[in-house]
Amino acid sequence: MRIVKLISLILSFFLFAGCLTVHKNKNEKQKNIQTYQLDLDRDRAPELIEVENRFETYGDILIRITKQPARRNDAPKVFSFKIKGQLNKVEFADMGCDGYKQMLIYYDTANNFMHLVIYKLQDDKVSQLFLASSNCDIEADFTTVPRVRVARNADGGRDCAAVSRGTDWESWAWDGEKFVKEQ
């Protein structure tokens with residue numbers, strides 16, 4: 001009887017010790033970080049871009065861009081910023097065919113809103129080029145003239161089942177410096 005209690009006590013200890021759970025969470029956290037290495041600012045040195053989806057813990061996305069210094073003794077420059085929401089995907093495009101790559105971040109926020117935000121790194125500054133939000137849909141095409149189409153419910157409501165192609169879409173085209181709304 002004492003041996004059975006001792007064995008069950010030992011098994012309970014291992015069961016509730018949490019070793020497997022801690023290891024599992026550590027691996028899950030690593031899966032939430034996407035890393036990329038590419039030249040964003042056309043200086044012929046790739047930047048390290050880390051995109052961490054922290055939606056489950058902090059409700060945001062953390063983006064860190066690390067630019068290596070020109071001289072070895074200098075410290076790297078780190079640019080970081082947060083976006084409230086849950087990450088869907090990250091893409092990179094050279095919209096102006098000028099060698100500068102832009103970072104496109106697709107994410108969702110409350111009330112089923114989807115967003116596309118575009119950032120650039122130039123002259124050691126990260127700046128936002130464009131932001132589109134919709135509770136219906138967002139389409140982007142960067143193969144020829146960069147264009148973003150944003151679906152809207154014609155009645156202003158949240159139901160997007162009735163959105164028809166053509167009349168309920170706003171279209172934005174890149175003019176070489178900024179996105180301009182097409183008529």
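Cut-offs applied
Residue positions are given per chain, counted from 1 along the sequence in the order it is written. Only residues with pLDDT of at least 70 get local features here, since the model is predicted, and only at 80 or more are side-chain atom pairs given and counted; chain-wide, interface and lining totals rely on the full set of residues. Calculated side-chain values reflect all of the structure's heavy atoms, with hydrogen atoms and water omitted. We define a salt bridge as a side-chain nitrogen of Lys or Arg found within 4 Å of a carboxyl oxygen belonging to Asp or Glu. Strands here mean DSSP runs of E at least two residues long; helices mean DSSP runs of H or I at least four residues long; both are numbered from the N terminus. Relative accessibility under 20% of the residue-type maximum defines a buried residue, over 50% an exposed one, and the middle range a partly exposed one, all with a 1.4 Å probe and only protein chains included. The rule for pairing is simple: two strands pair if DSSP sees at least two bridges between them. Angular values range over 0 to 180 degrees, each being the angle between N-to-C directions of two axes fitted as lines to C-alpha atoms, with helices fitted over their stretch in contact. Note on definitions: the grid is 1 Å and covers protein atoms alone; a cavity is a set of points where a 1.4 Å probe fits but cannot get out; a pocket is an open set with protein on both sides within 12 Å along at least five of seven lines; lining residues have an atom within 4 Å of a point. Grid points are joined across faces, edges and corners, and a volume is the space filled by probe spheres set on the points. pLDDT runs from 0 to 100 and stands for how confident the predictor is about each residue. Any two residues whose heavy atoms approach within 4.5 Å are treated as being in contact.

(A) Just the pattern of salt bridges, in detail. Counted by the stated rule, this structure contains 13 salt bridges. Put simply, Glu 182 and Arg 147 hold a salt bridge, and the shortest N to O gap is 2.7 Å. One end of the pair, Glu 182, is in the segment after β12 (179-181); the other, Arg 147, is in strand β10 (residues 147-151), and 35 residues separate them in sequence. Residue Glu 182 is classed as partly exposed on the basis of its relative accessible area of 31%.

(B) Local environment of the sheet that holds strand β6 (residues 102-109). A sheet is described by the order of its strands in space; here four strands give the open sequence β5-β6-β7-β8, paired in antiparallel fashion. With partners counted over all chains shown, the strands left at the sheet margins are β5 (86-93) and β8 (125-134), one partner each. Geometrically, the sheet is characterised by an average inter-axis angle of 20 degrees between neighbouring strands, direction not taken into account. Here eight bridges tie β6 to strand β7 (residues 113-122), and the two strands are oriented antiparallel to one another. Residue pairing for β7: Tyr 106 is matched across the bridge by Leu 116.

(C) Just unusual backbone geometry, in detail. The backbone of Asp 123 sits at a positive phi, close to 55 degrees, despite the residue not being glycine. Among the secondary structure elements, Asp 123 is positioned in the loop between β7 and β8. Overall, the relative accessible area of 64% leaves Asp 123 in the exposed class. We note that Asp 124 has phi near 60 degrees; this positive angle belongs to a residue other than glycine. Relative to the assigned elements, Asp 124 resides in the loop between β7 and β8. The class of Asp 124 is partly exposed, set by a relative accessible area of 29%.

(D) Structural context of empty space enclosed by the protein. Evaluation of the coordinates by the stated rule reveals one cavity of 30 Å³ or more. Counted as a void, the largest cavity has a volume near 30 Å³. For the largest cavity, the full set of lining residues is Leu 40, Ile 65, Lys 101, Met 103, Tyr 119, Lys 120, Leu 121 and Val 126. It is β7 that provides the largest number of residues to the lining of the largest cavity, a total of three residues.

(E) Quick look at the confidence of the model for the chain. Averaged over all residues, the pLDDT of the chain is 81; the fraction at 70 or higher stands at 75%. Segment residues 11-29 is flagged for pLDDT under 50; beyond a separation of four residues in sequence, or across chains, it makes one contact in the model.

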